[in-house]
Amino acid sequence: MRNLVEEAASRRRFLRLLAASPLLACSGFSFTPMEKLLSGNGKTTAALAALEGLAQGEALLAVPEQALNVMEFEAVARKKLPPAHFGYLATGVDEDATLRANREGFARLQIRARRLIDVEKINMSVRLFGVTWDSPIVLAPMGSQKAFHPDGEIAVAKAARAKGHLQVLSTVTSTPVEAVNEARGAPVWFQLYPTDEWNITRAVTKRAEAAGCPALVLTVDTQGGTNRETLLKFRRMDSRQCSDCHIRVTPTSVGTQRPMFAGLNRSPSSALIPLNMTWDFIKRLRDTTTMKLVVKGIVTREDAQLAVEHGVDGLIVSNHGGRGEESNRSTIESLPEVVEGVAGRIPVLIDGGFRRGTDIFKALALGANGVCIGRPYAWGLAAFGQPGVETVLEILRRELLTIMRQAGATSVDKITRAHVINQLR
């Protein structure tokens, strides 16, 4: 009898807490797990503890300046975005194991702090293809940014301009490259999904080149297609009629309304990532454009060596943010062998799971020339638009500055493998 009374009291307490919870306003929160916990068998107390744990967490940011770290923007983004849009940001592949691995890999690297070094002046600048940037932090390509904020890529470009960061624009941008370049105040790098129609590939490439983009970033890390279960689960929670805002673009289907494909005569069934793309495609691109050619998605020594042999100008170590394949291998684990394969002949950048200045420091110590971030600035964009993106960049720069001082590295070129203990192997 006592257990039944306690269970009933817990149930009433749970419902009162639930009624006052901000979770009710969170577009994307699923009550299904809570319903299961409330299904009897003495589990209400567990549900109550779970909800109280959430309720006792930090309040959502009201303004970007309140943020202590970039992860705090994720909760605001989740509250503001429709479920399917947040799911697009959150998803990995299959069980999201590679998505998790991207974060877990950093924990197996330790930083060796140094003492009694004059660290009053720190230089975080890096040089890529003859251009000096104030920071090694690069804004990675991400499609459909108007799905996160009405200003989309324009807000990101203005933030990149304000903070002096390199920006890479996606082929499936929701804003044309010309407008983004104008907002950025300088040409951005252009990421290429090649499609399986050469005339379309050539036209998009030539448009980016005509817009002044100095580098073409060929993406090869989703060539096999992906099974994004988390995205599909979030879509189940989204009851909106959203044919007006969603444009069908998958690895096997190119939408018809993307700005970079406007006016091009192509098949509606054209594949965004051709399954038959080989290294011969690199030569075809090289013969088509004068832009620097960067390949995004290389994760092995063998492919790094092949890239150099085929005249590639740079690499981005990437598994598409854990969305490319379920390899269970982080990009930070892949970085050392890619750097070895390149042997200093071309620059190597990296993306995947970067959330802290210490993460960036570790990648630089392992030989990366730059670090691309994706989800963090997308959270900032969804949460607060341009000010959110700017604050994300400010936080990461501040954290990187701090760890460079703690490690006694007064410039990026002084960050070496001696600064980390590698426990990845």
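Residues numbered from 1 in each chain as written. Predicted model: local features only at pLDDT ≥ 70, side-chain atom pairs only at ≥ 80, totals over all residues. Heavy atoms only, no water.

(A) How the structure looks around the overall build of the chain. Each helix and strand counted, the chain has 16 helices and 12 strands in total. Every one of the 425 residues in the chain was classed for burial, and the buried ones make up 53%. In the chain, of all internal contacts separated by at least 6 residues, the share reaching a separation of at least 24 is 72%. (Helix = DSSP H or I, 4+ residues; strand = E, 2+ residues; numbered from the N terminus. Buried < 20%, exposed > 50% of the residue type's maximum accessible area, 1.4 Å probe, protein only. Contact = heavy atoms within 4.5 Å.)

(B) The nonpolar core, seen in detail. In terms of nonpolar packing, the biggest core is built from 109 residues, with Phe73, Phe190, Leu315, Leu335, Ile350 and Ile373 touching the most fellow members. Ranked by the residues each element gives to this core, the list is headed by helix α16 (residues 386-406), at 8 residues. Those residues within four positions of Ile350 in sequence are excluded, and the remaining contacts are Ile316, Val317, Thr331, Ile332, Leu335, Ala363, Ala368, Gly370, Val371 and Cys372. (Core = buried A, V, L, I, M, F, W, Y, C linked by side-chain atoms within 4.5 Å.)

(C) View of helix α12 (residues 301-309). All of the buried residues along α12 are Ala304, Ala307 and Val308. Here the buried residues of α12 occupy an arc of 95 degrees about the axis, which is enough to place them on one side. On its buried side, α12 packs onto β9 (314-317) and α13 (331-342). (Arc of directions from axis to C-beta.)

(D) The packing of aromatic side chains, seen in detail. Scanning the entire structure with this criterion turns up 5 aromatic pairs. Ring centres of Phe106 and Phe354 lie 4.9 Å apart, and the angle between their planes is 65 degrees; this geometry places the pair in the edge-to-face category. Pair noted here: Phe106 is in the loop between α6 (97-104) and β1 (109-111) and Phe354 is in the loop between β10 (348-350) and α14 (357-365), with a separation of 248 residues, a long-range link. Across the pair, exposure class does not vary: Phe106 and Phe354 are buried alike. (Phe/Tyr/Trp six-rings, centres within 6.5 Å; stacked < 30°, edge-to-face > 60°.)

(E) Structural detail: the packing of helix α5 (residues 83-90) against helix α10 (residues 229-236). Relative to each other, α5 and α10 sit at 170 degrees, their axes nearing to 8 Å. Relative to α10, the element α5 is oriented roughly antiparallel. Counting all contacts with α5, which are made through Pro83, Ala84, Phe86, Gly87, Tyr88 and Ala90, the residues of α10 involved are Thr230, Leu231, Phe234 and Arg235. For the contact of α5 with α10, a count of residues per class yields 7 nonpolar, 2 polar and 1 charged. (Axes fitted to C-alpha atoms, helices over the stretch in contact; angles between N-to-C directions. Parallel < 35°, antiparallel > 145°, perpendicular 65-115°, else oblique. Nonpolar A, V, L, I, M, F, W, Y, C, P; charged D, E, K, R; others polar.)

(F) Region of the structure containing the pairing of strand β11 (residues 370-373). Side chains of β11 alternate between two faces, with Gly370 and Cys372 and Val371 and Ile373 buried alike. Bridge analysis of β10 against β11 gives 2 bridges, and the strand direction is parallel. Bridging from a neighbouring strand, Leu349 pairs with Gly370 of β11. The β-α-β motif built from β10, the intervening α14 and the parallel element β11 has right-handed crossover chirality. (Pairing = 2+ DSSP bridges. Right-handed = clockwise from strand over helix to strand, strands pointing away.)

(G) Representation of the pattern of salt bridges. A full pass over the atoms with the stated rule returns 11 salt bridges. For the salt bridge of Glu178 with Arg207, the shortest nitrogen-to-oxygen distance reads 3.0 Å. Here Glu178 is found in helix α8 (residues 177-184), whereas its partner Arg207 is found in helix α9 (residues 198-210), with 29 residues between them in sequence. Residue classification places Glu178 among the partly exposed positions, given a relative accessible area of 35%. (Salt bridge = Lys/Arg side-chain N within 4 Å of Asp/Glu carboxyl O.)

(H) Local environment of the sheet that holds β11. The strand order across the open sheet built from 8 strands is β4-β11-β10-β9-β8-β7-β6-β5, with neighbouring strands paired in parallel fashion. In the strand order of this sheet, the two ends are held by β4 (137-139) and β5 (168-169), each with one partner. Sitting on the sheet, α9 touches β6 (189-192) and β7 (215-219), and the angle it makes with β6 is about 170 degrees.

(I) Highlighting the environment of Lys121. Within the secondary structure, Lys121 is located in the loop between β1 and β2 (126-128). For the pair formed by Lys121 and Arg405, sequence separation is 284 residues and the distance between their alpha carbons is 9.0 Å.

(J) How the structure looks around the confidence of the model for the chain. Confidence along the chain averages 85 in pLDDT terms, with 82% of residues attaining 70 or more. Low confidence marks residues 19-56, where pLDDT is under 50. Its contacts with residues over four positions away, or in another chain, come to 54 contacts. Note that pLDDT drops below 50 for residues 243-256; the model gives that stretch 37 contacts with residues more than four away or on any other chain. (pLDDT = per-residue confidence, 0-100.)

(K) Representation of the packing of helix α7 (residues 152-163) against α8. Look at α7 against α8: their axes get within 7 Å of each other, and the N-to-C directions meet at 30 degrees. Here α7 is positioned roughly parallel relative to α8, judged by the angle of their axes. Regarding α7 and α8, the two cross each other, and that crossing is right-handed. When α7 is examined against α8, the residues Glu153, Ile154, Ala157, Lys158, Ala160 and Arg161 are found in contact with a partner set consisting of Ala179, Val180, Glu182, Ala183 and Arg184. Residue composition of the contact of α7 with α8, by class: 6 nonpolar, no polar and 5 charged. (Left-handed = near helix turned anticlockwise from the far one by under 90°.)

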